[in-house]
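Coordinate inspection notes
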Amino acid sequence: MHYRELLIEYRELIEQEIQLKREIAKLPQGNISLKNIHGKTYCYLQQRSGKKIISQYIEDNETERVKKQILYRKECEKKLLETGSMIKKVEQAIYTLEPSLYRNLDRIRANAITEAMLPSEMKKAVLFSDAMTSLEGIPASEEVNQSLINWSRGKVSFSEAYEKTLAKYSLL
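Every residue gets a number counted from 1 within its own chain, in the order that chain's sequence is written. Since the coordinates come from a predicted model, pLDDT governs what is reported: local features require at least 70, and pairs of side-chain atoms require 80 or more to be given and counted, while whole-chain, interface and lining totals use all residues. Side-chain metrics rest on all non-hydrogen atoms present in the structure, leaving aside hydrogens and water.

**Describing the packing of helix α3 (residues 104-115) against helix α6 (residues 158-168)**
What counts, and what does not: Axes, fitted as lines to C-alpha atoms, cover a helix only where it is in contact. Angles between the N-to-C directions of the axes lie from 0 to 180 degrees. Strands here are runs of E lasting at least two residues and helices are runs of H or I lasting at least four, both read from the DSSP assignment and numbered beginning at the N terminus. Each angle gets one of four labels, with under 35 degrees taken as roughly parallel, over 145 as roughly antiparallel, 65 to 115 as roughly perpendicular, and the rest as oblique. Contacts are residue-level and defined by heavy atoms, with any inter-residue pair within 4.5 Å sufficient.
It is at 9 Å that the axes of α3 and α6 come closest, and there the two elements cross at 135 degrees. Classified by the interaxial angle, the pair formed by α3 and α6 is oblique. Touching Arg107, Asn111, Thr114 and Glu115 of α3 are Phe158, Ser159, Tyr162, Glu163 and Leu166, all from α6.

Here it is as structure tokens:
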């Protein structure tokens, strides 16, 4: 496998990891518990919060859906562990084959995380960027600002905007 293919595989694994984490965050965690109260069986979603066990009643018509979501969450968690293992193997292979490429992995990871942002997160990121540059007293160029705006509107990928900025300052 060539270096470029390893870097592409790394990015794909990072994207998969991000997607799995997002998916897991949307799903209920815990287990379904059955309680018999006055001869009637009730279903509860139980999960730990610190040392406490929190129980949440599940309506009869929701029980099957919640069961499926819990099973799907467990599948996603298993895939996440496998993906993490693969990421470590690819990182090790890149470091072994070409240590100078290893420093690119942080950039690839940061770009992948940024690309996966929701539109509301993108707006917050642009506002954060504006706040940081004003605090540092180093205004961003109009070109950089326009790149960030284009990214937040989905006109360009973050990678394009980022690499264009790095190239502008001869950092790429």
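**Thoughts on the pattern of salt bridges**
Here is the rule: Take a side-chain nitrogen of Lys or Arg and a carboxyl oxygen of Asp or Glu: if they are within 4 Å of each other, that pair is a salt bridge. Burial classification: accessible surface area is computed with a 1.4 Å probe over protein chains only, and a residue below 20% of its type maximum counts as buried, one above 50% as exposed, and the rest as partly exposed.
Following the criterion strictly, the structure yields 6 salt bridges and no others. For arginine 11, the salt bridge is made with glutamate 15, and the minimal N-O distance between the two is 2.9 Å. A residue pair is termed a helical-turn pair when its members lie 3 or 4 positions apart in one helix, as arginine 11 and glutamate 15 do in helix α1 (residues 3-26) at 4 residues. On the basis of relative accessible area, glutamate 15 is assigned to the partly exposed category, the value being 35%. Salt-bridge contacts for glutamate 23 lead to lysine 26; the nearest nitrogen and oxygen are separated by 3.8 Å. Of this pair, glutamate 23 and lysine 26 both sit in helix α1, 3 residues apart, which is roughly one turn of the helix.

**Overview of the nonpolar core**
The cut-off we apply is this: What we call a nonpolar core is a set of buried Ala, Val, Leu, Ile, Met, Phe, Trp, Tyr and Cys residues that are connected through their side-chain atoms within 4.5 Å.
If you look at the biggest cluster of nonpolar residues, it comprises 13 residues, and the most contacted ones within it are Leu7, Tyr10, Ile14, Val90, Ile94 and Leu105. The set of elements that each furnish at least two residues to this core consists of α1, α2 (63-97) and α3.

**Brief notes about the environment of lysine 74**
Among the structural elements, lysine 74 can be located in helix α2. Measuring from C-alpha to C-alpha, the distance between lysine 74 and isoleucine 24 comes to 8.6 Å, with 50 residues separating the pair along the chain.

That is the geometry; function is a separate question.
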